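Here's the letter readout for the chains.
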Amino acid sequence: MSAVLELRGVSAAYGPFRSLFEVSLTVGAGEAVALLGSNGAGKTTTARVASGLLAPSSGTVWVDGADLSGAPAWRYARAGVAHAPEGRSVFATLSVEDNLRLSFRQSKGRAGVGAALDRAFELFPVLAKRRHQLAGTLSGGEQRMLSMARVMVDAPKLLVADELSLGLAPIVVDQVYDSLQRLREAGTALLIVEQHVPHALALCDRVVLLGHGAVAWHGSASEAPTAIPDKVFHQA
Ligand SMILES: Nc1ncnc2c1ncn2[C@@H]1O[C@H](COP(=O)(O)OP(=O)(O)OP(=O)(O)O)[C@@H](O)[C@H]1O
Ligand SMILES: [Mg+2]
């Protein structure tokens, strides 16, 4: 299996503060990997390195066999890495449909907008029902789905998702996870940061557990419940 993402001995720092210490991990093509750990363990930092938003201070980042260490984020995007934006990154004063049209025009070109819209509404029926509503008036969960629809229709090679379910009602979390599952079935690999460990384990094949900025454990999702500490398992 070829790796869509490989971090080799990655360290990262915010100014003088070192946050990652020689983290190595691999996400194979079409594979789903959960990135777990307590608060401050380095999950978000690792996710940002994986999508090119933060350059490693040492070590290398490989996407689809190419060394992209230190390259700008758009090169990661062009290589097929999508970063699911946290929170509510939608245009509040545009309708749901216009939000989607705008981003599909950028990613697909004018001719591809119609098909992409159909696909987005198929993935997220709730957005179809609300296509004429202003995005700023959607609920938090619906806004999250709108951000995800923009990413997912592009069928990235890898989706890096940081705390997608944070602050969402359980039923909406289930919908988000259904969408991730469908995305997986369509061939997208996943690197998922998630506080709610049972959800992550149900979706993912493998687990990388971070502690104090380093890999503390890695193994299959089925071994994880006995291998990872209770405080990580039950922090949600
Ligand atoms: N911009 C920053 N400047 C300085 N230190 C930072 C910055 N961002 C993160 N850190 C530090 O880096 C470490 C790792 O943070 P990170 O956000 O990666 O943790 P996390 O595992 O995502 O935690 P959480 O579960 O709370 O989201 C923490 O000690 C944090 O305080
Ligand atoms: Mg975080």
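Here's what I pulled together on the structure shown here.

Examining the pairing of strand S3 (residues 32–36)
With respect to burial, S3 is a largely interior element, 5 of its 5 residues being buried. A two-sided burial pattern is seen for S3, the buried positions comprising Ala 32, Ala 34 and Leu 36 on one face and Val 33 and Leu 35 on the other. Two strands pair when backbone bridges link them, and S3 and strand S8 (residues 189–193) are joined in this way by 4 bridges, in the parallel orientation. Across the sheet, residue Leu 35 finds its bridge partner in S8, namely Val 193. Pairing of S3 with strand S9 (residues 206–211), which is carried by 4 bridges, proceeds in the parallel orientation. Opposite Leu 36, over in S9, you have Leu 209 as the bridge partner.

Overview of the site of ligand 1
In the neighbourhood of ligand 1, the contacting residues comprise Tyr 14, Phe 17, Ser 19, Gly 37, Asn 39, Gly 40, Ala 41, Gly 42, Lys 43, Thr 44 and Thr 45. Secondary-structure elements contributing two or more residues to the shell around ligand 1 are strand S2 (17–28) and helix H1 (43–50). The dominant element in the shell around ligand 1, judged by the number of residues it contributes, is H1, at 3 residues. Among the residues forming the shell around ligand 1, the class breakdown is 3 nonpolar, 7 polar and 1 charged.

Points about the nonpolar core
Residues Leu 35, Ala 149, Leu 191 and Ile 192 are the most contacted members of the largest nonpolar core, which totals 71 residues. Filtering out sequence-adjacent residues up to four positions away, Leu 191 remains in contact with Leu 5, Val 27, Val 33, Leu 35, Ala 47, Ala 50, Leu 158 and Val 160.

Side note on helix H4 (residues 113–123)
Those residues of H4 that sit buried are Ala 116, Leu 117 and Ala 120. The buried side chains of H4 occupy one side of the element, clustering within an arc of 100 degrees when seen end-on. Within H4, the exposed residues directed more than 90 degrees away from the buried face are Gly 114, Ala 115 and Asp 118. Residues of H4 that are buried sit in contact with helix H3 (96–108), helix H5 (125–129) and helix H6 (140–152).

Rules and cut-offs
Sequence order sets the numbering: in each chain, residues are counted from 1 along the sequence as written. Naming scheme: in the order in which they are written, chains are lettered from A and ligands are numbered from 1. Under the rules for a predicted model, residues below a pLDDT of 70 receive no local features and side-chain atom pairs below 80 are neither given nor counted, while totals for whole chains, interfaces and linings still include all residues. Here exposure depends only on C-beta density: within 10 Å of a residue's C-beta, 20 or more other C-beta atoms make it buried, 12 or fewer make it exposed, and intermediate numbers make it partly exposed, the C-beta atoms being placed from the backbone. Numbering of helices and strands runs from the N terminus; a helix is a DSSP stretch of H or I covering at least four residues, while a strand is a stretch of E covering at least two. Should DSSP find at least two bridges between two strands, the strands are taken to pair. Whether a residue is near a molecule or strand depends on its C-beta atom, placed from the backbone, lying within 6 Å of it. Lys, Arg, Asp and Glu make up the charged group, whereas Ala, Val, Leu, Ile, Met, Phe, Trp, Tyr, Cys and Pro make up the nonpolar group; the residues left over, Gly among them, are polar. Definition of nonpolar core: a set of buried Ala, Val, Leu, Ile, Met, Phe, Trp, Tyr and Cys residues joined via C-beta atoms within 7 Å. We call two residues in contact if the C-beta atoms placed from their backbones are at most 7 Å apart. As used here, the arc is the angular range of directions from the helix axis to the C-beta atoms.

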